[in-house]
Amino acid sequence: MSLSFTVNGETRTVEAAAGTSLLDVLRNHLGLVGTRFGCGLEQCGSCMVLVDGEPVHACSRDVSTLAGRTVTTIEGLSSDGKRQPLQQAFLDEQAGQCGYCLSGILISAKALLDRNPRPSRADIVAALDRHLCRCGAHQRILRAVERAAAVMRGEAG
Ligand code: FES
Ligand code: FES
């Protein structure tokens, strides 16, 4: 099966067997290894990507459903090598420990801030409730999203 879809602003055409997951295609066909495999069961969120702007588990999404659609991975969050405020906030808050969960969390956080520039703590918790952090960095992650939102609103440096 051959199909084309947009990944991080570029049209990509891939050959993949029926039933191949989007995660498999991203990592093993396109070399975009920032999206991580954790459980393969929609339980951990480490594989999250945006499909037409909405967070989707790439581990369980059949790539055949993506023809003509737009996918954004962690590699597509920044352009020209410049960090976005969300990425900088995670660094500033030292939100990562091992970092394995963070690409998925950053994707869900981006989707949240795109639709809600002033999220409450409860909004952030709800937006990230499909993610596990095995290192227990949850409080720092929540603070990082709050910090990014404030920076993006021009209320913090
Ligand atoms: S690898 Fe997809 S949710 Fe865990
Ligand atoms: S920082 Fe290690 S799993 Fe979240």
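Residues numbered from 1 in each chain as written. Chains lettered and ligands numbered in written order. Predicted model: local features only at pLDDT ≥ 70, side-chain atom pairs only at ≥ 80, totals over all residues. Heavy atoms only, no water.

Participant: How would you sum up the sheet that holds strand β2 (residues 10-15)? Please name residues and give values.
Facilitator: The strands that make up a sheet are held in pairs by hydrogen bonds between backbone atoms, and each pair lies either parallel or antiparallel. The strand order across the open sheet built from 5 strands is β2-β1-β5-β3-β4, with neighbouring strands paired in mixed fashion. Each edge of the open sheet is held by one strand with a lone partner, namely β2 and β4 (54-57). Neighbour-to-neighbour, the strand axes of the sheet open up by a mean angle of 40°, direction not taken into account. Bridge count between strand β1 (residues 2-7) and strand β5 (residues 70-72): 2 bridges; the pairing is parallel. Within the sheet, the bridge partner assigned to Thr6 lies in β5 and is Thr70. Packing against the sheet, helix α3 (residues 102-115) makes contact with β3 (48-51), β4 and β5, and its axis sits at approximately 35° to β3. (Pairing = 2+ DSSP bridges. Helix = DSSP H or I, 4+ residues; strand = E, 2+ residues; numbered from the N terminus. Axes fitted to C-alpha atoms, helices over the stretch in contact; angles between N-to-C directions. Contact = heavy atoms within 4.5 Å.)

Participant: Go over the pattern of salt bridges, please, and point to the residues and values.
Facilitator: Taken as a whole, this structure holds 8 salt bridges when the rule is applied. For the salt bridge of Asp92 with Arg147, the shortest nitrogen-to-oxygen distance reads 3.7 Å. Within this pair, whereas Asp92 is found in helix α2 (residues 85-92), its partner Arg147 is found in helix α5 (residues 138-152), the two being separated by 55 residues in sequence. The partner of Glu93 in a salt bridge is Arg143, with the nearest N and O atoms 3.4 Å apart. (Salt bridge = Lys/Arg side-chain N within 4 Å of Asp/Glu carboxyl O.)

Participant: Tell me about the nonpolar core, residues and numbers included.
Facilitator: Among the nonpolar cores identified, the biggest contains 28 residues, and Leu86, Phe90, Leu113, Leu128, Ile141 and Val145 are the most heavily contacted of them. No fewer than three residues from each of domain 1 (2-76) and domain 2 (85-152) sit in this core. Those residues in contact with Leu86, other than ones at most four positions away along the chain, are Leu106, Ala109, Lys110, Leu113 and Ala148. Residues Leu3, Phe5, Leu32 and Val51 belong to the second largest nonpolar core, which totals 20 residues. (Core = buried A, V, L, I, M, F, W, Y, C linked by side-chain atoms within 4.5 Å. Buried < 20%, exposed > 50% of the residue type's maximum accessible area, 1.4 Å probe, protein only. Domains from an automatic or database assignment.)

Participant: Account for the environment of Val63, naming residues and giving values.
Facilitator: Residue position: Val63 is located in the loop between β4 and β5. Measuring from C-alpha to C-alpha, the distance between Val63 and Glu42 comes to 16 Å, with 21 residues separating the pair along the chain. Sequence-distant contacts of Val63, defined by excluding residues within four places in its chain, comprise Met1, Leu3, Phe5, Ala16, Thr20, Ser21, Leu22 and Val25.

Participant: Any chance you could break down the side chain of Ser21 for me, citing the residues and the numbers?
Facilitator: Residue position: Ser21 is located in the loop between β2 and α1 (22-29). Aside from chain neighbours lying at most four places away, what touches Ser21 is Ala58, Cys59, Arg61 and Val63.

Participant: Which residues make up the domain arrangement of the chain, and what values go with them?
Facilitator: Parsing the chain into structural domains produces domain 1 (2-76) and domain 2 (85-152). Averaged C-alpha coordinates put domain 1 and domain 2 at centres separated by 21 Å. The interface is formed by 18 residues belonging to domain 1 together with 13 residues belonging to domain 2. Interface of domain 1 and domain 2: buried area, both sides summed, is about 1300 Å²; carbon and sulfur atoms make up 59% of it. (Buried area = accessible area lost by both parts, 1.4 Å probe.)

Participant: Explain α1 to me, using residue names and the numbers behind them.
Facilitator: Every buried residue of α1 is listed here: Leu22, Leu23, Val25 and Leu26. Down the axis of α1, the buried set is contained in an arc of 170°. They therefore lie on one face. Where α1 is buried, its residues meet β1, β2 and β3. Gly31 occupies a position one or two residues after α1 and carries a positive phi of about 70°. (Arc of directions from axis to C-beta.)

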